[in-house]
Amino acid sequence: MHTCTMYDSIQDVPPDVWRCLVTEVDFAMDRRLITLQQRTLREQSRMWVIVVRDSANEPAAIACLARFDLEIVNPRGWLRKVVGVAREVWRRFLKSRVLFVGLPLPCASNHLRFAARADRQMALEALDRRVQELAREENADYVVYKKFEGTDAGPMGLLEKRGYLRGTLPVLHKLVGRFRNFGEYLGAIKARYRNQITRSQKKFAAAGLRVVHVTDGQEIRRRFTPEVHQLYAAVHAKSKTKLEFLPLEFFLELPDALPEHVAVMFVEDMRAGGRVVGFTLAMRANGTHYNVYSGVDYEMNERAHIYFNLFYHDLDYAFSIGTTGVHLGETSDGFKSRLGTEMVPMYCYVKARNPVVRAIVKRLARRLFPEQQVARQHVFKEGKKEAAAKREYAGGETAAYRT
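Reference entry: report on the structure contained in this document. Quantities reported herein were computed from a predicted structural model and do not represent experimental measurements.

**Focus on helix H9 (residues 226–238)**
For an α-helix, 3.6 residues make a turn, and residues three or four places apart therefore share a direction.
Line of reasoning, step 1. End to end, H9 covers 19 Å across 13 residues, agreeing with the expected 18 Å (1.5 Å per residue, within 8%).
Line of reasoning, step 2. Inspection of H9 places Val 228, His 229, Leu 231, Tyr 232, Ala 233 and His 236 among the buried residues, and these make up the whole buried set.

Spelled out as structure tokens, the structure:
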């Protein structure tokens, strides 16, 4: 018989139990990153950790959970004021409460881990029983397990037997291969794609903008002002799917929480005294570069293509530090596919607690979770991607030797 223990904080999980289930190189399950997010999102979410033990009382699985109240509609104008007044009386007015098995971390990974010798089916069944109990205690409308690649589907099929619906998520964009710099990358792609990039680069340069990469924590905190945070807020406001909104304190504390893993690229307008008009925050772990958060001055973006150039300069930085793989996140499929990314299908498992709603969701499954139709672009010249892949393999061997 498998049993579950629930912890209100990741700090409460015994370190020896954590080490049994999570490897040191598991970036998505980095305790420092999870701790920071739990603390800085305390006004928006509540988080837990569940440890599953087998009949011998050995750790079999661990999962991180988060509860969010999500907007059902996006009110504008006078309706926003009406909704605001209503929420002074009823905080969840026009919101759905969702219990996620998974955290809102931009690492394109789920937050469920099994011990090597665990009976995954039994461990997952025990976990889901406790998750459903917690959903009732928290009065959640939905339970969602996220984010799973197609190759992770193995034991997760049990959830479908327990009434969950498998749904599609936006694809993950990865750029794999070792390039020495962005110039070499440009030389490896076909002319039509290269010309699109160079046109955007010329607009960026003509606007008098420059890029500054910062890795020192103290300097990041100095530069990351409330005005810069508003650029992130502008990107968040345009997002179709809104989950967490990271406060300024998250960005200020992240470099100290993960020293040597964080780099921020600031775009400065030299014609306006160096005013920051864009930024990208990236994290690096185990040879992979994660492009995770950005901010854009959309008014200037129209004439300077700031958004596109944030990616170009971030790729240049990633290549220059010897990265073998770059995660470019989700959405903006057309633009990212033109960079030559590989697209990884991602899935979730959803269950409405109300049986009537559950039946409706199942009936509307194809509309709610449409297949992600993203055409793959053949960006690279013949043989160039293969050469980059060979350098990645050789570089990986070298990196492992140096470590």
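Following the structure, the description resumes.
**Comments concerning the packing of helix H7 (residues 191–206) against helix H12 (residues 306–320)**
Line of reasoning, step 1. The contact between H7 and H12 brings their axes to 9 Å, and the two run at 110°. Looking at the two axes, H7 sits roughly perpendicular to H12. From H7, Ile 197, Ser 200, Gln 201 and Phe 204 reach across to H12, where they touch Ile 306, Phe 308, Asn 309, Tyr 312 and His 313.
Line of reasoning, step 2. Here the residues of the contact of H7 with H12 sort into five nonpolar, four polar and no charged.

**Focus: the packing of helix H2 (residues 31–40) against helix H10 (residues 248–257)**
Line of reasoning, step 1. Packing of H2 against H10 leaves a shortest axis separation of 10 Å and a crossing angle of 160°. Classified by the angle their axes make, H2 and H10 are roughly antiparallel. In the crossing of H2 with H10, the sense of the turn from one axis to the other is right-handed. For the pair H2 and H10, the contacting residues are Arg 32, Leu 33, Leu 36, Gln 37, Arg 39 and Thr 40 in the first and Glu 249, Phe 250, Glu 253, Leu 254 and Ala 257 in the second.
Line of reasoning, step 2. Looking at the contact of H2 with H10, its residues break down into five nonpolar, two polar and four charged.

**Notes on the pairing of strand S10 (residues 275–285)**
Line of reasoning, step 1. By the criterion of burial, S10 is predominantly enclosed, with nine of the 11 residues buried.
Line of reasoning, step 2. Relative to S10, strand S9 (residues 262–269) runs antiparallel, the two being bridged by eight bridges. Bridging across to S10, Asp 269 finds its partner in Arg 275.
Line of reasoning, step 3. Where S9 folds back onto S10 in an antiparallel hairpin, the turn is made up of five residues, including Gly 273, whose phi is positive at roughly 70°.
Line of reasoning, step 4. One ladder, built from eight bridges, connects S10 with strand S11 (residues 288–296); its direction is antiparallel. Each bridged residue has a counterpart across the sheet, and for Arg 284 the counterpart in S11 is His 289.
Line of reasoning, step 5. Where S10 folds back on S11, the antiparallel hairpin that results is connected by two residues, among which Asn 286 adopts a positive phi of roughly 55°.

Thresholds applied
Residues numbered from 1 in each chain as written. Predicted model: local features only at pLDDT ≥ 70, side-chain atom pairs only at ≥ 80, totals over all residues. Heavy atoms only, no water. Helix = DSSP H or I, 4+ residues; strand = E, 2+ residues; numbered from the N terminus. Expected span 1.5 Å × (residues − 1). Buried < 20%, exposed > 50% of the residue type's maximum accessible area, 1.4 Å probe, protein only. Axes fitted to C-alpha atoms, helices over the stretch in contact; angles between N-to-C directions. Parallel < 35°, antiparallel > 145°, perpendicular 65-115°, else oblique. Contact = heavy atoms within 4.5 Å. Nonpolar A, V, L, I, M, F, W, Y, C, P; charged D, E, K, R; others polar. Left-handed = near helix turned anticlockwise from the far one by under 90°. Pairing = 2+ DSSP bridges.

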